[in-house]
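So the chains spell out like this:
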Amino acid sequence: MPQEQEMTQTSAEMTGSLPTADDAERFVAHAEARLAELNVEQQRAEWVAENFITHDTQVIAAQASEKQINAAVDLAMKAARFDAVPTLSYDIRRKLDLIKLSLTTPGPSDSSRTAEMTKIAAQLSAGYGAARYRPPGGDPLDIEEITEIMRSSREPARLLEVWRGWHSIARPLKQQYARFVELTNEGARNLGYQDAGALWRSKYDMPPDAFAAEVDRLWAQVKPLYDSLHCYVRWNLGKRYGESLVPPAAPIPAHLLGNIWAQEWGNIDDIVAPQADERRFDLTEILKHRADIDEIGMVRIGERFFTSLGFDPLPATFWERSLFKQPQDRDVVCHASAWDLDDEDDLRVKMCIRKTSDYFTTIHHELGHNFYQRAYKRQPFLYKNSANDGFHEAVGDTIALSVTPAYLVRIGLLDKEPPPQSDIALLLRDALDKVAFLPFGIMIDQWRWKVFSGEVTPANYNKAWWDLRLQYQGIAPPEPRSEEDFDPGAKYHIAANVPYSRYFLARILQFQFHRALCQSAGSEGPLNRSSIYESHEAGRRLKAMLEMGASRPWPDALEAISGERQMDATAMLDYFAPLKSWLDEQNKGKPSGW
Ligand code: X8Z
Ligand code: ZN
């Protein structure tokens, strides 16, 4: 008999009466200890599997995750027994709710099917991590090399070839993915959810439908800004590549936006930047010329930002145990991630850093996760998490918003600050990453929610994907697609089953956090020129929110940092307001929409 079943039998069960508040307290204490223990085991197995992709590490990781999922499902079912107990304390009630919601990938109650599911999950993650596109007669290209070509090439034929090549790696994942969806849906239904999508949407301290409506509300706030950017970018791409490749009123071909998924467009800044402005600087070029700053040096700069706010430096083990550079002798999952192996101090990142501006941003993003993890380490296990997953994703990005030209001058990466007249050019570059991402950040889970609900089936996976790409992003595949293709699987978070709405929320929240922290720091300039570097006041405010972990519903955490209880895109709109007016001026007489 599994340990949980033995140890969590309550006195009520033994006597057949309603469980008491004491029963609930005992159950929660046991569940929390058990989940904490299994989580560490699973994290360690996963760390090794992602750092050394082999058959055996996949098996070990799948087994650890099977064990964890079985226990978590069992505990989630049992937590429901206390639903009707009226006298529970706030913490016991919240923890029972968190136990019911703790899984992202619940498994079927039949344990052989859960084993099948975790095996597939490990294979999908490893399959994606080890994938290479093999050009005819050329060297195989991994996702890091693909990313670099998409960033720097301006040759449509080359971009198309690489785009096609990377998307082809996902074809073999389709069947496994479809089976995975069936199995995790079965698990979600056993737990009382309509499907796995409904479970994912239930993690926001509100009913799942209300969360979907919340996402729509935020999107409606920012869509006009996206539309202005889309119109402007398409026009400039048309000028660069010709109207036969980029027709004026049609969706933008997805291979011309500087990123293999067309999710962030900052890399085509050179194509769309205002002609007259020569004062822009290129952080990638600066980093490449600085022989004294290597990949780890870039991480040190990120850490220094956090310590300047009053956070303690990262532990020595962070530097010893992290993976910073892509190993040449083995396959690893290069997609950047931040880890907390022991729920105490064993913090790490795993990433394949290159000396580019994008990686500099991602370093801040990952460190945000690590500093959050450390800030909530004194919370009980079930509260060792962010207020909602968007908060976890937003912290490092908030810090990266403070990486302003003035800050770069301050730390010696830039000689002098560009004059105020360069603001539009700088804002445009920010918008290419931040604003262009918004519809992408939404559409991924719009697709997955439909897949989980059964509205989209394997017979139309790819069509539904491109329908949503068109609807939200106004982009189109550069050549016809079929259901032989599995283009969603060419994106890490689909193969690895990581929920994605979090990144959409984070794009909105980071501006809200930035506005609030700049206020604490007493910074009065426009938001795009404000940095909280070296502000202990801002650091205190940020820390107060981080230390809460998941102990309160997220509006409380939002209030702690910003005084506001609603997620709100006005901070983002304020940040980009001068750019929006400028874009609308430029766009006059040009076709908009698609
Ligand atoms: O996956 C990530 C992070 C790890 S949590 C590198 N991001 C999303 C992506 O790459 O698609 C950060 C931005 C969006
Ligand atoms: Zn992240």
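Summary of the structure given here.

### Observations concerning the coordination of the zinc ion (ligand 2)
- In this structure, H365 (NE2), H369 (NE2) and E393 (OE) serve as the protein donors to the zinc ion (ligand 2), at separations of 2.0 to 2.1 Å.
- Classification of the site at the zinc ion (ligand 2) as tetrahedral follows from its four donor atoms and the range of 89 to 131 degrees in their angles at the metal.
- In primary sequence terms, the donor set of the zinc ion (ligand 2) follows H-x3-H-x23-E. Pair noted here: H369 is in helix α16 (residues 357-375) and E393 is in helix α17 (residues 389-401), with a separation of 24 residues, a long-range link.

### Side note on helix α6 (residues 111-129)
- End to end, α6 covers 27 Å across 19 residues, agreeing with the expected 27 Å (1.5 Å per residue, within 8%).
- Looking only at α6, the buried set comprises T114, M117, T118, I120, A122, L124, S125, A126, Y128 and G129.
- On its buried side, α6 packs onto α4 (55-79), α7 (143-152), α8 (156-168), α9 (174-190) and α21 (492-495).
- The N-capping residue of α6, defined by a side-chain oxygen 2.8 Å from the backbone nitrogen of S112, is D110.

### Things to note about the nonpolar core
- Within the largest apolar cluster, 185 residues are counted, with the highest numbers of intra-cluster contacts made by V233, W265 and W447.
- For this core, the leading source of residues is helix α19 (residues 423-453), giving 18 residues.
- Sequence-distant contacts of W265, that is, excluding residues within four places in its chain, are made with Y226, L229, H230, V233, I252, L257, L432, D433 and A436.

### What about the packing of helix α22 (residues 501-520) against helix α24 (residues 554-562)?
- Put simply, α22 and α24 touch, their axes get as near as 8 Å, and they point 35 degrees apart. Between α22 and α24, the residues in contact are L509, Q512, F513, A516 and L517 and L558, I561 and S562, respectively.
- A per-class count over the contact of α22 with α24 returns six nonpolar, two polar and no charged.

### Focus: the pairing of strand β3 (residues 347-350)
- Side chains L347 and V349 of β3 all project onto a buried face; the interleaved residues R348 and K350 project onto the opposite face, where all are buried too.
- Direction of pairing for strand β2 (residues 337-340) relative to β3: antiparallel, over a ladder of four bridges. Its bridge partner lying in β3, D340 is registered against L347.
- The antiparallel pairing of β2 with β3 creates a hairpin that spans six residues between the two strands, and D343 there sits at a positive phi of about 60 degrees.

### Observations concerning unusual backbone geometry
- Phi is positive for D343, which is not a glycine, with a value near 60 degrees.
- Its location among the elements puts D343 in the loop between β2 and β3.
- What makes D343 buried here is its relative accessible area of 10%.
- Although it is not a glycine, E534 adopts a positive phi angle of roughly 65 degrees.
- Relative to the helices and strands, E534 resides in the loop between α22 and α23 (536-547).

### Examining the site of ligand 1
- The immediate surroundings of ligand 1 are formed by 13 residues, with H335, K491, H493, Y500 and Y503 found nearest.
- At a separation of 2.7 Å, an oxygen atom of ligand 1 approaches a polar side-chain atom of H335.
- For ligand 1, the protein covers 86% of the area, taking 370 Å² as the surface of the free molecule.
- For the shell around ligand 1, the secondary structure elements donating two or more residues are α16 and α22.
- Considering each element in turn, the shell around ligand 1 owes the most residues, three residues, to α16.
- When grouped by side-chain class, the residues that make up the shell around ligand 1 number four nonpolar, five polar and four charged.

### Notes on the state of the cysteines
- Using the criterion set out here, one finds one disulfide in the structure.
- With its sulfur 2.0 Å from that of its partner, C334 forms a disulfide with C352. Sign of the S-S torsion, about -85 degrees for the bond between C334 and C352, identifies this disulfide as left-handed. Taken together, the positions of C334 in the loop between α15 (316-321) and β2 and C352 in the loop between β3 and α16 put the pair 18 residues apart, joining distant regions of the chain.
- The class of C334 is buried, set by a relative accessible area of 9%.

### A closer look at helix α5 (residues 90-101)
- With 12 residues, α5 extends 17 Å from end C-alpha to end C-alpha; this agrees with the ideal 16 Å at 1.5 Å per step.
- The inward-facing, buried residues of α5 abut α3 (21-51), α4 and α10 (196-201).

### Some thoughts on the pattern of salt bridges
- For the structure shown, the criterion picks out 51 salt bridges.
- Salt-bridge contacts for E50 lead to K350; the nearest nitrogen and oxygen are separated by 3.4 Å. Of this pair, E50 sits in helix α3 while K350 sits in strand β3, and the two are 300 residues apart along the sequence.
- Residue class for K350 comes out buried when judged on its relative accessible area of 0%.
- For the salt bridge of E148 with R151, the shortest nitrogen-to-oxygen distance reads 3.0 Å. With a gap of three residues between them, E148 and R151 both fall in helix α7, about one helical turn apart.
- On the basis of relative accessible area, E148 is assigned to the partly exposed category, the value being 23%.
- Taken together, the shared-partner salt bridges connect R164, R171, E479, R481, D485 and D487 into one network.

Cut-offs and rules
- Residues numbered from 1 in each chain as written.
- Chains lettered and ligands numbered in written order.
- Predicted model: local features only at pLDDT ≥ 70, side-chain atom pairs only at ≥ 80, totals over all residues.
- Heavy atoms only, no water.
- Donors = N, O, S within 2.8 Å, 3.2 Å for Na, K, Ca; no water.
- Tetrahedral: all angles 85-135°; square planar, octahedral: opposite > 155°, others 65-115°.
- Helix = DSSP H or I, 4+ residues; strand = E, 2+ residues; numbered from the N terminus.
- Expected span 1.5 Å × (residues − 1).
- Buried < 20%, exposed > 50% of the residue type's maximum accessible area, 1.4 Å probe, protein only.
- Contact = heavy atoms within 4.5 Å.
- Polar contact = N/O pair within 3.5 Å; in protein donor to acceptor, adjacent residues only side chain to side chain.
- Core = buried A, V, L, I, M, F, W, Y, C linked by side-chain atoms within 4.5 Å.
- Axes fitted to C-alpha atoms, helices over the stretch in contact; angles between N-to-C directions.
- Nonpolar A, V, L, I, M, F, W, Y, C, P; charged D, E, K, R; others polar.
- Pairing = 2+ DSSP bridges.
- Near = heavy atom within 4 Å.
- Areas by Shrake-Rupley, 256 points an atom, 1.4 Å probe, with all protein chains shown as cover.
- Disulfide = S-S within 2.5 Å.
- Salt bridge = Lys/Arg side-chain N within 4 Å of Asp/Glu carboxyl O.

Function cannot be read off these values alone, since they describe shape.
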